[in-house]
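This is what each chain is made of:
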Amino acid sequence: MTQTIADTDALTREIEQLRWENEALRRAARSATPKTSATPTPPTPPTERELLVGALDAVPGFVGFIDADGRYRLNNRRYEERFGLDRTELHGRHAADIIGKEAFRTAAACISSAREGVQEGHKNVITTSQGKDRVFETSFLPHYDASGLFAGCFIFSQDATDRERALNDLEDSADSYRRGLELLPDAIMVIVEGRVAFANAAATTLFGDRLIGEDPLVSVHPDDRPRMLRRRQRINEGGHQASFKIFTYQKLDGAQFKGESSATKIVWQGQPAILTIVRDVTQMLHRRERGRAARAAANAANKAKSTFLATMSHEIRTPMNGVLGMAALLSQTELTAEQREGLDIIQDSGKALLDLLNDILDLSKIEAGRIDLEKRDFRPADLLGTIRALWSPQAVEKGLAFSVHDTTSHADALHSDESRLRQVLNNLIGNALKFTDTGSIELHVSDTPQDDGTVEIRFDVRDTGIGLTPDQQEKLFRPFSQAEIDTARKYGGTGLGLSISKQLVELLGGTIGVDSKAGEGSTFWFTIVTETGVASDVATKPGRPAAPAIDDLLYRGQALRILLAEDNAINRKIVAGMLAPLGCQLDVVENGLEAVAAVTRTPYDLILMDVHMPEMDGAKATQRIRSLPGSAAIVPIIALTADAMRGDREKYLAAGMTDYVAKPIDQQDLLSVIARHASSAGKIDQPAREESAETPAPAAVDGVDAAEAFEDLIDGFGADKQRAGGS
């Protein structure tokens, strides 16, 4: 025995010495630098002792040797790390001092069995050097010396803590799973070889205890059994999960219900099985159907609302075309001061009514989520120039100073909805002008680059007006809300503008707010977040032609022959009056059929086409004309319509019309469109007249008397619905 222990000690010392030498060799090899490019000397093959050391340290578990007295004589590196001790601290120590007396009692029993030639193992909990309790599974392999005497045991140990925990969790999970199945409100069934092997409480409540051991098809309505059988076959053959399907089931009392069923292949107590889940969805389907009906009703209501708004817009714009159009014509005649004042009131009131109509339409579209941003590249400098040109004269007229301060520096062009941005700016500046009697109005613009490559643009509209109290500020940005009733009566307005502006700003990715004190003015500000655009890609906008082009139209308009298709007598008189300064030859028809017939008889330079007419509408008439042979098919056709909702212009252009003028018709807009298309057709592309040539005065409208015009206007509004309802 003493000789065996001595041999073991010697082997341990040799192993430790080899470890030290191997480590020294590795350090030397890492630090060595080749001095020549000659072929390196092949490495020396490891000795058996070196292989033994490497093998012990490579074992994933804990390997050690305890002699017959229970003392450590050999161990691998992981064994040392397990207890946080090095070889010298472990060598010769009794195992009871290392693993504890309680654990050693179990180990001693295994060592005794090993002495008798019986290999045993045990499981025990050991506190590691980190102070954590770990579960170890240990096996003892007896070792005998050359004379056949018991020398000790090799110990092979594995950390089984995680596996034990997983097994415990699995057992707990299985138990919880079974209890959970019983508590679930859905019916759960396990089907083995076509029979129900397990059914939870919900299943037995629905179908009864008779289900156990029976084919689950007894619970399915006969009409759905073939479909259920096909699904079961697919699962058995493919092993995949079947998606949720609706079947009709029969309860224990014979009542039928709609059940949503899902099934998947599992192993149940060692046998292939199908797990089926059935949920009663009868009420859910009823709610879904009610919801579908409610959505259909809501969609129908939205459609009806949209139709009503479009009709309201059309019906209001049609008589407003008469009011504002005739007022515009009357303004070109000689009037007394009293008549001129009354006419100004008519025009201002009509424009205010149109503004209200546009606000209501915008608010309705925003609330319905039907506002589509039309983003394109534009130059902010161009936008600000337009704003300055629009508002400076109005501010000067009121005795106010108006200025624009642009400190942006990060983008020559932006990519956003310029039209909606202009709408917000015009609303805020218009409000500032309305509520400021003395002082100034300033527009400040700045920009801040963002980390994602976008730019935040901030607009501040500052005024020296009446200001707002904190309570008044709380009411802003709400539909139909103004600071005070007295303010609304004094300054007018509906309170829609700020609400629309707020929602438009949010659509543009920004926020809006106000800083104000009563009596000290206000600053309305908002931000938008936008991508940068390419300045060179900004298209030239086809706005109104330059003044010389319109002058040429007025000078040479008598060379034009124009066809007007319009069923409303008032509108015909207004358009004729607006075209009177041209001296052109104007033919008038009252519907689309007559327009097509006129074009087949007479070559026209341009057609003004109403959209809504009896017999044949303007869109169909345009399509007929476009199908005619020769030059008639390419004559410019300008839509005149009270349809001014977003998308109407695109709709009529898609129908073949060349351009679009919305009612109420602005004379300048109408002449601009005619000048553009007459010029492109070569009808007024003549050498410029000499400066000394006399230009016919466009102010007078032949044959129109102020009093007579008002009488005709009033009579026209009282005409029958079919005539007055035209557009």
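I will try to describe carefully the structure that is included in this document.

Rules behind the numbers
Residues numbered from 1 in each chain as written. Predicted model: local features only at pLDDT ≥ 70, side-chain atom pairs only at ≥ 80, totals over all residues. Heavy atoms only, no water. Helix = DSSP H or I, 4+ residues; strand = E, 2+ residues; numbered from the N terminus. Buried < 20%, exposed > 50% of the residue type's maximum accessible area, 1.4 Å probe, protein only. Contact = heavy atoms within 4.5 Å. Areas by Shrake-Rupley, 256 points an atom, 1.4 Å probe, with all protein chains shown as cover. Phe/Tyr/Trp six-rings, centres within 6.5 Å; stacked < 30°, edge-to-face > 60°. Core = buried A, V, L, I, M, F, W, Y, C linked by side-chain atoms within 4.5 Å. Patch = residues over 30% accessible without salt bridge, like charges linked within 9 Å, V, L, I, M, F, W, Y side chains within 5 Å. Salt bridge = Lys/Arg side-chain N within 4 Å of Asp/Glu carboxyl O. Lys, Arg positive; Asp, Glu negative; His and termini not counted. Charge placed at Lys NZ, Arg CZ, Asp CG, Glu CD. Polar contact = N/O pair within 3.5 Å; in protein donor to acceptor, adjacent residues only side chain to side chain. Axes fitted to C-alpha atoms, helices over the stretch in contact; angles between N-to-C directions. Parallel < 35°, antiparallel > 145°, perpendicular 65-115°, else oblique. Left-handed = near helix turned anticlockwise from the far one by under 90°. Nonpolar A, V, L, I, M, F, W, Y, C, P; charged D, E, K, R; others polar. Expected span 1.5 Å × (residues − 1). Pairing = 2+ DSSP bridges. Right-handed = clockwise from strand over helix to strand, strands pointing away.

This brings us to the overall build of the protein chain. A count of helical and extended segments in the protein chain gives 24 helices and 22 strands. Across the 727 residues of the protein chain, 43% fall into the buried class. Intrachain contacts of the protein chain at a sequence separation of at least 6 include 61% that bridge at least 24 residues. Accessible surface, the protein chain: about 38,900 Å² in total, of which carbon and sulfur atoms supply 52%.

Let's shift gears to the packing of aromatic side chains. By the definition in use, this model includes nine aromatic pairs. Residues Tyr-249 and Phe-257 carry aromatic rings whose centres are separated by 5.6 Å and whose planes lie at 20° to one another, so their mutual orientation is stacked. Note on accessibility: Tyr-249 and Phe-257 belong to one class, buried. Here Tyr-652 and Tyr-660 contribute two aromatic rings whose centre-to-centre distance is 6.4 Å and whose plane-to-plane angle is 15°, an arrangement assigned as stacked. As far as the burial class goes, Tyr-652 and Tyr-660 line up, both buried. The rings of Phe-207, Phe-247, Tyr-249 and Phe-257 are connected pair by pair, giving a single aromatic cluster.

Among the nonpolar cores identified, the biggest contains 40 residues, and Leu-443, Phe-459 and Phe-526 are the most heavily contacted of them. Mapped by element, the contributors of at least two residues to this core are helix H12 (380-397), strand S12 (401-406), helix H13 (418-434), strand S14 (440-449), strand S15 (455-463), helix H16 (496-507), strand S16 (512-516) and strand S17 (522-532). Residue contributions to this core peak at seven residues, all from H13. Setting aside anything within four residues of it in sequence, one finds Phe-526 in contact with Leu-421, Val-424, Leu-425, Leu-428, Ile-457, Arg-458, Phe-459, Val-505, Thr-511 and Ile-512.

Before going further, it helps to examine the environment of Trp-268. Here Trp-268 lies in strand S9 (residues 256-268). Along the sequence, Trp-268 and Ala-197 sit 71 residues apart, while their C-alpha atoms lie 8.9 Å from each other. Once residues within four sequence positions are removed from consideration, Trp-268 is found in contact with Val-190, Val-192, Ala-197, Phe-198 and Ala-273.

The grouping of Glu-338, Glu-341, Asp-344 and Asp-348 at the surface amounts to a negative patch. By the secondary structure assignment, Asp-344 is in helix H11 (residues 337-367). Classification of Asp-344 by relative accessible area gives partly exposed; the value is 35%.

Attention now moves to the side chain of Thr-527. Along the chain, Thr-527 falls in strand S17. What makes Thr-527 buried here is its relative accessible area of 7%.

As a further point, take unusual backbone geometry. Cis geometry marks the peptide bond from Lys-663 to Pro-664; its omega dihedral reads 0°. Structurally, Pro-664 is set in the loop between strand S22 (659-662) and helix H22 (667-680). Backbone geometry places Glu-193, a non-glycine residue, at a positive phi of 50°. Within the secondary structure layout, Glu-193 lies in the loop between strand S6 (187-192) and strand S7 (195-199). With relative accessibility at 71%, the residue Glu-193 sits in the exposed group.

Looking at the secondary structure, you find Asp-659 in strand S22. Overall, Asp-659 belongs to the buried group, its relative accessible area being 6%. Only 2.8 Å separates the side chain of Asp-659 from the side chain of Arg-676, close enough to count as a polar contact. Polar side-chain contacts of Asp-659 include one of 2.8 Å to the side chain of His-677.

Each packed pair of helices is defined by two parameters, the angle between the axes and the distance between the axes. One way to put it is that H12 packs onto H13 with a least axis distance of 11 Å and a crossing angle of 25°. Compared by their axis directions, H12 and H13 come out roughly parallel. For the pair H12 and H13, the crossing hand works out as right-handed. Where H12 abuts H13, its residues Leu-383, Thr-386, Ile-387, Leu-390, Trp-391, Gln-394 and Ala-395 lie against Glu-418, Leu-421, Arg-422, Leu-425, Asn-426, Ile-429, Gly-430 and Leu-433. Residues of the contact of H12 with H13, tallied by class, amount to nine nonpolar, four polar and two charged.

What follows is about helix H6 (residues 101-115). When the terminal C-alpha atoms of H6 are compared, their 20 Å separation across 15 residues agrees well with the 21 Å that a helix rising 1.5 Å per residue should span. Among all positions in H6, only Ala-103, Phe-104, Ala-107, Cys-110, Ile-111, Ser-113 and Ala-114 are buried.

This next bit is on the sheet that holds strand S19 (residues 585-589). Spatial strand order, S19-S18-S20-S21-S22: five strands in an open sheet with parallel pairing. If you trace the sheet from one side to the other, it starts and ends with S19 and S22, each paired once. When the angles between neighbouring strand axes are averaged without regard to direction, this sheet yields 20°. Where strand S20 (residues 606-610) lies against strand S21 (residues 637-641), four bridges are found, and the strand directions are parallel. Bridging from a neighbouring strand, Ile-607 pairs with Ile-637 of S21. Here helix H19 (residues 592-601) sits on the sheet and contacts strand S18 (561-565), S19 and S20; the angle it forms with S18, its principal contact strand, is near 160°.

A few words now on the pattern of salt bridges. Within this structure, the stated rule accounts for 16 salt bridges. Its salt-bridge partner being Arg-379, residue Asp-382 comes within 3.5 Å of it at the nearest N-O pair. Lys-663 is paired through a salt bridge with Glu-566; the nearest N and O atoms lie 3.0 Å apart. Here the residue Lys-663 occupies a position in the loop between S22 and H22, and Glu-566 occupies one in the loop between S18 and helix H18 (569-579), the gap between them amounting to 97 residues.

The next point concerns the pairing of strand S4 (residues 133-144). Of the strand pairs in this sheet, S4 and strand S5 (residues 150-159) are connected by nine bridges, and their pairing is antiparallel. Counterpart to Leu-141 in the pairing with S5 is Phe-154. Where S4 folds back onto S5 in an antiparallel hairpin, the turn is made up of five residues, including Gly-148, whose phi is positive at roughly 90°.

To continue, consider the pairing of S21. The buried fraction of S21 amounts to five of the five residues, a majority that puts the element mostly inside the structure. Going residue by residue along S21, you find Ile-637, Ala-639 and Thr-641 tucked away on one face and Ile-638 and Leu-640 tucked away on the opposite face as well. The β-α-β motif built from S20, the intervening helix H20 (residues 618-626) and the parallel element S21 has right-handed crossover chirality. As paired elements, S21 and S22 share four bridges and run parallel to each other. Each residue of the ladder has a partner; that of Leu-640, found in S22, is Val-661.

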